[in-house]
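One letter stands for each residue in the lines below.
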Amino acid sequence: MSHSEHLSSPRAGSPEAAHDHENGHDHDHTPEVTDKNARAVAWAGLLIAGFMFAELIGGWLAGSLALMADAIHMVTDAASLGLAWWAFQQSKKPPDARLTYGRDRLPVLIAFANAIFLLVVTIWICVEAAGRLMEPETVLAGPMFTIAVLGLLVNIGAFLILQRGGDGSLNMRSAILHVLGDLLGSVAAIAAAVIIYFTGWYPIDPILSVFVALLIVRSAVTVMRQSAHILLEGAPAQIDREEIRRDLLAEIPELQDVYHIHLWSLAEGKVNATMHAVVLADDQSPAIVQKMRTRLKAVHGIGHVTIEMSSHSDPASPPPDASSSMPGPD
């Protein structure tokens, strides 16, 4: 999605301070990208939903924890992919009176929820595996192998659909992570079935289940931390506000100072900022705002910024030594 743009006027309260919806306020949601994501998620979800019940029943009949764990993954996957699809549909809606920024943050919220689902499933698998290790149960290797192979084919298909249709967003990454967990679970179930068939060593089933569960924990935690950072309106890691200040002062000679710089992400790739700029004379402000707007978007990737302007002739303007620092929120 492209950046939105929102710039205030040179002086708060002046006629120019109103939002410029024609020239400076662009809410481009790039529906073609969102539609591609939504289609990929929908097809992958339907593919997984069509097989998950067969695997769950087959795992129960075969007595395989690996199969049942993979089936539970599929159940959560189908629900998670459904939520991801719904989030993509909602994010295409334009802003309204209640949601003035739109619904761009909804996919991030769904990614956070999906990461939590993955961690809960991992805990359940580990608890069940501990019980199986203490009291091993008989596993039917033949049915387990057949169902696991079919599940592997289904998961590979869903994984390829998401990989080709995704854009690397948190919502897509969380969806792919769910399917990847299923894919690895199917591989583990196949390996366990082969080992049980030739050796009769039943503990391999819960051991491989735990191994697969732990493989996805790190990725799930990463997605959860990144999505939580956006939901908490944390500053984007790739943008340094002190560097922004130095760059603006170096490239725009008319600027006397820039301070009170606040950064946050509305959604992935949509960085918002507010800042206060000091100039020498009021009549320079409109041109300086335009220069700042262009520089912030072209160099720093900030397309939605509110700039409050003041001059040294303004009694409300802070003294130079006070404005040279960058204090926290007002």
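Preceding block: the structure.
If you're wondering where the values come from, they're calculated on a predicted model, not measured in any experiment.

Asks: Honestly, the overall build of the chain in this entry has me stumped. Any pointers?
Replies: Per the secondary structure count, the chain includes nine helices and three strands. For the chain, the succession of helices and strands along the chain, N to C, is α-α-α-α-α-α-α-β-β-α-β-α. In the chain, which comprises 330 residues, the share counted as buried stands at 49%. When contacts within the chain are restricted to residue pairs at least 6 apart in sequence, those whose partners lie at least 24 apart make up 75%.

Asks: What am I meant to see in empty space enclosed by the protein here?
Replies: Over the atoms, a rolled probe matching the size of one water molecule traces out where space is still vacant. Throughout the structure, instances matching the rule amount to two cavities of 30 Å³ or more. The calculated volume of the second largest cavity comes to roughly 30 Å³. Arg-132, Pro-136, Glu-137, Val-139, Tyr-202, Pro-203, Asp-205 and Pro-206 are the residues that line the second largest cavity. Considering only residue class, the lining of the second largest cavity consists of five nonpolar, no polar and three charged.

Asks: How should I be thinking about helix α6 (residues 204-231) in this particular structure?
Replies: The end-to-end C-alpha distance of α6, which contains 28 residues, comes to 41 Å, matching closely the 40 Å that a straight helix rising 1.5 Å per residue would cover. Along α6, the sharpest change in direction is near 30° and occurs at Val-217.

Asks: Explanation requested: the nonpolar core in the structure shown.
Replies: One broad trend across soluble globular proteins is that nonpolar side chains are buried collectively. With 37 residues, the main nonpolar core has Val-41, Ile-48, Met-74, Leu-81, Met-144, Leu-162 and Val-179 as its most contacted residues. For this core, the elements supplying multiple residues, two or more each, are α1 (31-62), α2 (65-91), α4 (141-165), α5 (170-199) and α6. If you tally residues by element for this core, the top one is α5, at 11 residues. Dropping the residues within four chain positions of it, Leu-162 is found in contact with Ala-40, Val-41, Ala-44, Leu-81, Met-172, Ala-175, Ile-176 and Val-179. Val-271, Ala-273, Leu-296 and Ile-302 belong to the second-largest nonpolar core, a separate cluster that totals 21 residues.

Asks: Can you walk me through the sheet that holds strand β2 (residues 270-279) in this structure?
Replies: Paired through backbone hydrogen bonds, the strands of a sheet run either parallel or antiparallel to each other. Read across the sheet, three strands follow the order β1-β2-β3 without closing on themselves; strand pairing throughout is mixed. Looking along the sheet, the strands with just one partner apiece sit at the ends: β1 (255-267) and β3 (302-311). Averaged over neighbouring strand pairs, the angle between their axes works out to 15° when direction is ignored. Inspection of the sheet shows β1 paired to β2 by nine bridges, in the antiparallel sense.

Asks: Quick question: what am I supposed to make of helix α7 (residues 241-251) here?
Replies: Residues lying three or four places apart along an α-helix face the same way, a consequence of the helix completing one turn every 3.6 residues. All of the buried residues along α7 are Ile-244, Arg-245, Asp-247 and Leu-248. Put simply, Asp-240 is the residue that caps the front of α7, since its side-chain oxygen is 3.0 Å from the backbone nitrogen of Glu-242.

Asks: Looking at this structure, I do not really get a nonpolar patch on the surface. What am I missing?
Replies: A cluster of nonpolar side chains, contributed by Leu-83, Trp-85, Trp-86, Ile-116, Phe-117 and Val-120, occupies part of the molecular surface with about 520 Å² of accessible area. Contributing elements (two or more residues each) for the nonpolar patch: α2 and α3 (106-134). Look at Ile-116 and you get partly exposed, because its relative accessible area is 32%.

Asks: Just to check I follow, could you spell out the pairing of β2 for this structure?
Replies: Sheet faces and side chains relate simply in a regular strand, where the side chains alternate between the two faces. Of all 10 residues making up β2, nine are buried, and the element is well covered by its neighbours. Connecting β1 to the antiparallel partner β2 that follows it, the hairpin turn spans two residues, and Gly-269 within it adopts a positive phi of roughly 75°. Relative to β3, β2 runs parallel, the two sharing nine bridges. The residue of β3 that forms the bridge with Val-279 is Ser-311.

Asks: Help me understand the pattern of salt bridges in this model?
Replies: Opposite charge on two side chains permits pairing when their charged atoms draw close. Summed over all chains, the structure comprises 10 salt bridges. Here Arg-246 and Glu-242 are joined by a salt bridge, their closest N and O atoms 3.7 Å apart. Here Arg-246 and its partner Glu-242 are both found in helix α7, four residues apart, which amounts to about one turn of the helix. Overall, Arg-246 belongs to the partly exposed group, its relative accessible area being 42%. In the salt-bridge network here, residues are joined through shared partners; they are Glu-242, Glu-243, Arg-245, Arg-246 and Asp-257.

Asks: Which parts of the structure should I look at to understand the environment of Ser-310?
Replies: Secondary-structure assignment places Ser-310 in strand β3. With a relative accessible area of 4%, Ser-310 lands in the buried category. Sequence spacing of Ser-310 and Val-279 is 31 residues, and the spatial spacing of their C-alpha atoms is 6.3 Å. There is a polar contact of 2.8 Å between the side chain of Ser-310 and the side chain of His-276.

About the cut-offs
- Residues numbered from 1 in each chain as written.
- Predicted model: local features only at pLDDT ≥ 70, side-chain atom pairs only at ≥ 80, totals over all residues.
- Heavy atoms only, no water.
- Helix = DSSP H or I, 4+ residues; strand = E, 2+ residues; numbered from the N terminus.
- Buried < 20%, exposed > 50% of the residue type's maximum accessible area, 1.4 Å probe, protein only.
- Contact = heavy atoms within 4.5 Å.
- 1 Å grid on protein atoms, 1.4 Å probe; cavity = no way out; pocket = protein on both sides within 12 Å on 5 of 7 lines; lining within 4 Å.
- Points joined across faces, edges and corners; volume = space filled by probe spheres on them.
- Nonpolar A, V, L, I, M, F, W, Y, C, P; charged D, E, K, R; others polar.
- Expected span 1.5 Å × (residues − 1).
- Bend = angle between axes of the 7 residues up to and from the residue.
- Core = buried A, V, L, I, M, F, W, Y, C linked by side-chain atoms within 4.5 Å.
- Pairing = 2+ DSSP bridges.
- Axes fitted to C-alpha atoms, helices over the stretch in contact; angles between N-to-C directions.
- Polar contact = N/O pair within 3.5 Å; in protein donor to acceptor, adjacent residues only side chain to side chain.
- Patch = residues over 30% accessible without salt bridge, like charges linked within 9 Å, V, L, I, M, F, W, Y side chains within 5 Å.
- Areas by Shrake-Rupley, 256 points an atom, 1.4 Å probe, with all protein chains shown as cover.
- Salt bridge = Lys/Arg side-chain N within 4 Å of Asp/Glu carboxyl O.

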